[in-house]
Amino acid sequence: MKKNILLLAISLFAFQAKSQKIASFKVSPKAVTASSMSYNAQVSLDKVTFLAQEQLSLIEVSENVRREVPFQIENGKSRTLHWKINQESTVGALSYDLIKKKPTATASNLKLKRENGLLTVNSGRSTLLGYKYEFMPSPEGIDPVFGRSGFIHPLNTPNGDLLTRIQPDDHYHHYGVWNPWTHVLFEGDTLDFWNLKKKQGTVRFAQFLKQEDGPVFAEYSALHEHVVLKDGAEKVALNEVQNVRVYQPENDLYVLDFSIDLSPAGDSPFHILEYRYGGFSWRATEVWTDKNSVVITSEGKSRKESDGSTARWCIVKGELGENYGGAVLMSHPTNYNHPEPLRIWPEGSNGNGDMFVNFAPTKNMDWVLEPNNTYNLKYRLLVFNGEMTAEKAEAAWQEYVNPIKIETEKTKLK
């Protein structure tokens, strides 16, 4: 009898140990509202445990209901725990328990796939975006100088509607979502890395530095080289590390975060001169015209008024066949010359009002990138189906720059 009791006690102790609570996380009630668009909560994991991901489960506690939620651990100098807020079933405060227990497998992971020179980010059967890392030549019969690599196309809505365009016959050097500089003083020469026909410079993919996918986000990091073309020779003037993170779609939208590090490649400064366009840019789908698409900036300006204005964010939306959708472009306050000037093509561009949007930090002032320094630009795209209001865009920008606050309470293990 005593032996059976002892075995039962040991079994109960073992079960409790397997599901032992390690820490609790509480989200402020003010962080979750009717217009809230938070997609990612994060805490420092190493401050509460050094257990591996395979030994952990995250439990949402709400109105006496406990449910396991997917999470993802980002590995860097220290580990960060990421998970998504479930807004549809949440009102007010939220609490999460991190427990020692093998997690339940999830089939809803975002997936990276490399094929035919294209890295795609996929959610289920849908492709959210593609990053072209192999060189894409110019269209047949067009000057070969217009070929390049290191750009995003396609960029799709959650429903799969295409939002980008590349190599249009009006501007063969336009490549979906891309980031070249137009007017640069480098080692005594004034160079153009944007207008490829000048044959002064180009931007190319060099290598991948990181690739990761999971249930919360997929991410890649790529090194781009800004190359000077002179006297038949090439010289790398600027290194650009572009980190792109795509969050799991939810409620007909998803978030795409860019972090761009710029550093001169040698001992010479990279002096970006004031010019009317250059930097983070989007050549939009060919189906958009000035009759079926709309621009709204954070300052309440329309397409007619927005070019040359400054903004924290900009909505671009319109008809996509039988559907409707678009994206909100957001600039982070730490960016150079924030709020940033906009370059937006005026109505009637190319005859029917084609759409081009650009955050251009050097539109009204120079920017000198000094050797042995790294400069960072951050942008967020909120890609959506259906409508997007200025109120929702502002709420999304506020949450981008003011991440939700989470209180951590570590359990004292006995």
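Residues numbered from 1 in each chain as written. Predicted model: local features only at pLDDT ≥ 70, side-chain atom pairs only at ≥ 80, totals over all residues. Heavy atoms only, no water.

**Re the sheet that holds strand 4 (residues 65–69)**
If you trace the five strands from one edge of the open sheet to the other, you get 4-3-7-1-29, paired in antiparallel fashion. With one partner strand each, in any of the chains shown, strand 4 and strand 29 (406–410) form the two edges of the open sheet. Adjacent strand axes in the sheet meet at a mean angle of 25 degrees, parallel and antiparallel pairs treated alike. Both strand 3 (residues 56–62) and strand 7 (residues 94–100) contribute to a ladder of six bridges, which runs antiparallel. Paired with isoleucine 59 across the strands is aspartate 97, a residue of strand 7. (Pairing = 2+ DSSP bridges. Helix = DSSP H or I, 4+ residues; strand = E, 2+ residues; numbered from the N terminus. Axes fitted to C-alpha atoms, helices over the stretch in contact; angles between N-to-C directions.)

**Description of helix 3 (residues 390–401)**
The terminal C-alpha atoms of helix 3, which comprises 12 residues, lie 17 Å apart, in line with the 16 Å expected from a rise of 1.5 Å per residue. Three or more residues of helix 3 are buried, namely Ala393, Ala395, Ala396, Trp397, Glu399, Tyr400 and Val401. On the buried face of helix 3, the contacting elements are strand 18 (253–264), strand 23 (313–320), strand 24 (323–331) and strand 28 (375–385). (Expected span 1.5 Å × (residues − 1). Buried < 20%, exposed > 50% of the residue type's maximum accessible area, 1.4 Å probe, protein only. Contact = heavy atoms within 4.5 Å.)

**Let's talk about the nonpolar core**
Of all hydrophobic cores here, the largest spans 58 residues; its most connected members are Tyr131, Leu155, Trp181, Phe258, Phe270, Trp282 and Val316. Residues in contact with phenylalanine 258, not counting those within four places in the same chain, are Ile152, Val177, Gln242, Asn243, Val244, Phe280, Leu377, Lys378, Tyr379 and Leu381. Ranked by size, the runner-up nonpolar core spans 21 residues in total, among them Phe71, Trp83, Ile85 and Leu94. (Core = buried A, V, L, I, M, F, W, Y, C linked by side-chain atoms within 4.5 Å.)

**Remarks on the sheet that holds strand 6 (residues 79–83)**
Read across the sheet, three strands follow the order 2-6-5 without closing on themselves; strand pairing throughout is antiparallel. Two strands close off the open sheet at either side, each with one partner strand: strand 2 (41–44) and strand 5 (71–75). The mean inter-strand angle of the sheet, taken between neighbouring strand axes irrespective of direction, is 25 degrees. Note that strand 2 and strand 6 share four bridges and pair antiparallel. Paired with glutamine 42 across the two strands is histidine 82, which belongs to strand 6.

**Focus on unusual backbone geometry**
Of note, the amide linkage connecting histidine 153 to proline 154 takes the cis form, showing an omega dihedral of 5 degrees. Within the secondary structure, proline 154 sits in strand 11 (residues 151–155). Residue proline 339 is reached from histidine 338 by a cis peptide bond, and omega for that bond is -5 degrees. On the secondary structure map, proline 339 appears in the loop between strand 24 and strand 25 (340–344). For lysine 199, which is not glycine, the phi dihedral falls at a positive 60 degrees. For lysine 199, the location among the structural elements is in the loop between strand 14 (189–191) and strand 15 (201–212). Note on lysine 199: relative accessible area 46%, which makes it partly exposed. The phi dihedral of asparagine 350 is positive, around 55 degrees, even though this residue is not glycine. Classification of asparagine 350 by relative accessible area gives partly exposed; the value is 40%.

**Considerations on the pattern of salt bridges**
One pass over the full model with this rule turns up 24 salt bridges. Arginine 245 serves as the salt-bridge partner of glutamate 74, at 3.0 Å between the closest nitrogen and oxygen. Of this pair, glutamate 74 sits in strand 5 while arginine 245 is found in strand 17 (residues 233–247), placing the two residues 171 residues apart along the sequence. A relative accessible area of 9% means that arginine 245 is categorised as buried. A salt bridge links arginine 283 to aspartate 170; its shortest N-O distance comes to 2.9 Å. Taken as a pair, arginine 283 in strand 20 (residues 281–283) and aspartate 170 in the loop between strand 11 and strand 12 (177–178) lie far apart in primary sequence, 113 residues in all. Among the ionic contacts, a cluster of salt bridges with common partners joins Glu74, Lys210, Glu219 and Arg245. (Salt bridge = Lys/Arg side-chain N within 4 Å of Asp/Glu carboxyl O.)

**Some words on the packing of aromatic side chains**
Applying the stated rule across the entire model yields 26 aromatic pairs. Ring centres of phenylalanine 208 and tyrosine 220 lie 6.4 Å apart, and the angle between their planes is 90 degrees; on these two criteria the pair is classed as edge-to-face. Residue phenylalanine 208 is found in strand 15, and its partner tyrosine 220 is found in strand 16 (residues 217–230); the two are separated by 12 residues along the sequence. With respect to class, phenylalanine 208 is no different from tyrosine 220; both count as buried. (Phe/Tyr/Trp six-rings, centres within 6.5 Å; stacked < 30°, edge-to-face > 60°.)

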